[in-house]
Amino acid sequence: MSLTIIELNDSEIRTFKDSEIISREPGYAVLKPEKIETGIEAWRTARTNPRETHNRYWSQLSEDSLIVPSQLARHNADLAYAQLTSIHKQAGEPEDIFFIVPGYFSRVQLSLLLGIIEACPFSAAGLIDSAIASTFAVSDAGHYSHVDIHLHYTIITTINITDQITRESVKIVDSVGISRIYDTC
């Protein structure tokens, strides 16, 4: 049985099947009259459709109303659902998906993510913090800082590895992300 994994970093959401990357796309969505376009296609048209483009729905995952809602999406959770179902199709429609999630997700956001997944045509095989997954896989005992750059944030996670792994702190560096780097360039 193959394992499908989705890493939720909105600067590049990566999908793995048996440790091979099978897709990568940014956390972008464009609300069109007939559909919600996500990923690369949405990113390509983002500058020409700024009012219909959304790219904070992962970092601000909630059920708060969109500024300009549509019949297809009322809030960020609807956009996240649209992207997850699109990725699921691209991945060959696996029954179970394991998720690597950002450390800044609150308990409320994690609960909402699980609710979104419950509405999807697949199940969550599990969830793990991205910093813990990355550090534990390649590190010996010691203290580590894991830096993860997202679209709008940079996350610095302090981890201690002994006979177990402990996430000691998560610091969000606001307004320092890939989109800011793109805009500056």
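Predicted model, so just to flag it, every value in this text is computed and none were measured.

**A closer look at the pattern of salt bridges**
Tallying each qualifying case throughout the model produces nine salt bridges. Where E37 meets K32, a salt bridge forms, and the shortest distance between an N and an O atom there is 3.6 Å. Given a relative accessible area of 12%, E37 falls into the buried group. Of the residues examined, K32 reaches a relative accessible area of 25% and is grouped as partly exposed. For R167, the salt bridge is made with D129, and the minimal N-O distance between the two is 2.6 Å. Within this pair, whereas R167 is found in strand β11 (residues 165-174), its partner D129 is found in strand β8 (residues 123-129), the two being separated by 38 residues in sequence. Look at R167 and you get partly exposed, because its relative accessible area is 39%. Each of E7, E12, R14 and R24 takes part in one network of salt bridges that share partners.

**Some words on the sheet that holds strand β2 (residues 13-17)**
Read from one edge of the open sheet, five strands run β3-β2-β1-β7-β8, paired in mixed fashion. With partners counted over all chains shown, the strands left at the sheet margins are β3 (20-25) and β8, one partner each. Across the sheet, the axes of successive neighbouring strands diverge by a mean angle of 20 degrees, strand direction being ignored. Note: strand β7 (residues 96-101) against β8, six bridges, orientation parallel. Looking at the pairing, D96 lines up with S123 of β8. Together, β1 (4-7), β2, β3 and β7 form the strand contacts of helix α2 (residues 76-90), whose direction differs from that of β3 by roughly 145 degrees.

**Structural notes on the sheet that holds strand β6 (residues 53-54)**
Strand order in the open sheet formed by three strands is β5-β4-β6, with antiparallel pairing between adjacent strands. Single-partner strands in this sheet number two, and they are β5 (36-38) and β6. When strand β4 (residues 29-31) meets β6, the two strands line up antiparallel, connected through two bridges. By the bridge assignment for β6, A29 is matched with H54. Along the sheet, α2 makes contact with β4, β5 and β6, crossing β5 at roughly 65 degrees.

**As for the nonpolar core**
One finds L8, W58, L84, F99 and L113 to be the most contacted residues of the largest nonpolar core, which totals 30 residues. Looking at this core, the elements with two or more residues in it are β4, α2, β7, α3 (107-119) and β10 (153-161). The element that contributes the greatest number of residues to this core is α2, accounting for six residues. Contacts of L113, omitting those with residues within four sequence positions, involve L8, W58, L61, L84, V101, F105 and L127.

**Quick notes on the packing of aromatic side chains**
According to the stated counting rule, one finds four aromatic pairs in the structure shown. Ring geometry for Y104 and F105: centres 5.5 Å apart, planes at 80 degrees, overall edge-to-face. On the accessibility criterion, Y104 (10% relative accessible area) is buried. Residue classification places F105 among the buried residues on the basis of a relative accessible area of 8%. Three or more aromatic residues link up through ring pairs in this structure, and these residues are Y104, F105 and Y153.

Cut-off values and rules
Along each chain, numbering runs from 1 in the same order as the chain's sequence is written. Only residues with pLDDT of at least 70 are given local features in this predicted model, and only at 80 or more are side-chain atom pairs given and counted; all residues enter the totals for whole chains, interfaces and linings. As a rule here, side-chain values come from all non-hydrogen atoms in the structure, and water together with hydrogens is ignored. Salt-bridge detection follows one rule: a side-chain nitrogen of Lys or Arg within 4 Å of a carboxyl oxygen of Asp or Glu. Relative accessibility thresholds used throughout: buried, under 20% of the residue-type maximum; exposed, over 50%; partly exposed, between the two (1.4 Å probe, protein chains only). Helix and strand definitions follow DSSP, with helices as H or I runs of at least four residues and strands as E runs of at least two, each counted in order from the N terminus. A pair of strands is labelled paired if DSSP reports no fewer than 2 bridges between them. Simply put, an axis is a line fit to the C-alpha atoms, just over the touching stretch for a helix, and the angle between two N-to-C directions goes from 0 to 180 degrees. The contact criterion used is simple: two residues touch if any of their non-hydrogen atoms lie within 4.5 Å. Put simply, buried Ala, Val, Leu, Ile, Met, Phe, Trp, Tyr and Cys residues joined by side-chain atoms within 4.5 Å make one nonpolar core. Stacked, tilted and edge-to-face pairs are distinguished by plane angle, under 30 degrees for stacked and over 60 for edge-to-face with tilted covering the rest, among Phe, Tyr and Trp rings (Trp via its six-membered ring) whose centres lie within 6.5 Å.

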